[in-house]
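Spelled out, the chains give:
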Amino acid sequence: MASISIIACIAKGNRAIGYKNRLLYHIPEDMARFRELTTGHTIIMGRKTFESLPNGALPNRRNIVISHQHIQLKGCEVYHSIDEALEQCQEDRVFVIGGETIYQKFIHQANTLYLTMVEEAAPKSDTYFPQFNAKEWKMCYHSENKETKTANNRAIYYSFYVYKRE
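Please read these numbers as outputs of a predicted model, since none were measured by experiment. (Residues numbered from 1 in each chain as written. Predicted model: local features only at pLDDT ≥ 70, side-chain atom pairs only at ≥ 80, totals over all residues. Heavy atoms only, no water.)

Draft legend 1. Geometry of the pattern of salt bridges. Counting across every chain of the model gives seven salt bridges. The structure contains a network of salt bridges with shared partners spanning Arg62, Glu77 and Asp92. (Salt bridge = Lys/Arg side-chain N within 4 Å of Asp/Glu carboxyl O.)

Draft legend 2. A look at the packing of aromatic side chains. This model, assessed by the stated rule, comprises seven aromatic pairs. Pairing Phe95 with Tyr114 gives two aromatic rings, centres 5.9 Å apart and planes at 40°, and the pair type is tilted. With a gap of 19 residues between them, Phe95 in strand S7 (residues 93-98) and Tyr114 in strand S8 (residues 112-118) connect regions that are remote in the sequence. Like Tyr114, Phe95 is buried. Here the aromatic rings of Phe132 and Trp137 are separated by 6.2 Å at their centres, their planes lie at 80°, and the arrangement is edge-to-face. By relative accessible area, Phe132 is classed as partly exposed at 24%. Residue Trp137 is classed as buried on the basis of its relative accessible area, which comes to 6%. One aromatic cluster is present, built from ring pairs that chain together Tyr103, Phe129, Phe132, Trp137, Tyr161 and Tyr163. (Phe/Tyr/Trp six-rings, centres within 6.5 Å; stacked < 30°, edge-to-face > 60°. Helix = DSSP H or I, 4+ residues; strand = E, 2+ residues; numbered from the N terminus. Buried < 20%, exposed > 50% of the residue type's maximum accessible area, 1.4 Å probe, protein only.)

Set out below in structure tokens:
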């Protein structure tokens with residue numbers, strides 16, 4: 001069976017992850033962490049998340065898209081259900097990268113959560129990370145609070161977390 005991890009950047013205050021099919025935050029350290037963790041592994045995403053990627057399929061990863069549509073996407077394998085996708089990943093280390101619906105479907109199957117928590121509630125958002133029962137998870141890692149600047153020079157504070165299912 002595949003090892004399933006979820007990776008996301010969320011607003012701590014309201015669990016927001018996106019707005020109008022775009023990420024809420026562009027944190028260079030978060031992007032580097034994402035690349036480091038997922039490179040060489042399988043990533044699973046929904047069609048809308050794939051469409052939000054600026055250059056299509058992410059390099060040096062097996063890209064799987066779950067969609068009800070009968071489509072072909074360059075550099076990707078497309079499956080119509082989570083079960084169908086997971087059947088193709090028996091021995092893989094899988095990272096679920098979004099969006100909201102895909103996270104909701106995988107949250108009960110995941111073994112590990114890699115979360116970047118931004119220390120604010122996002123003012124504009126239309127997609128959210130699912131609530132999860134903290135009693136089912138053990139926090140294995142928590143970084144010190146870090147700071148980065150937005151394009152308009154506003155400070156954003158964030159921390160990295162790793163949770164393992166109990």
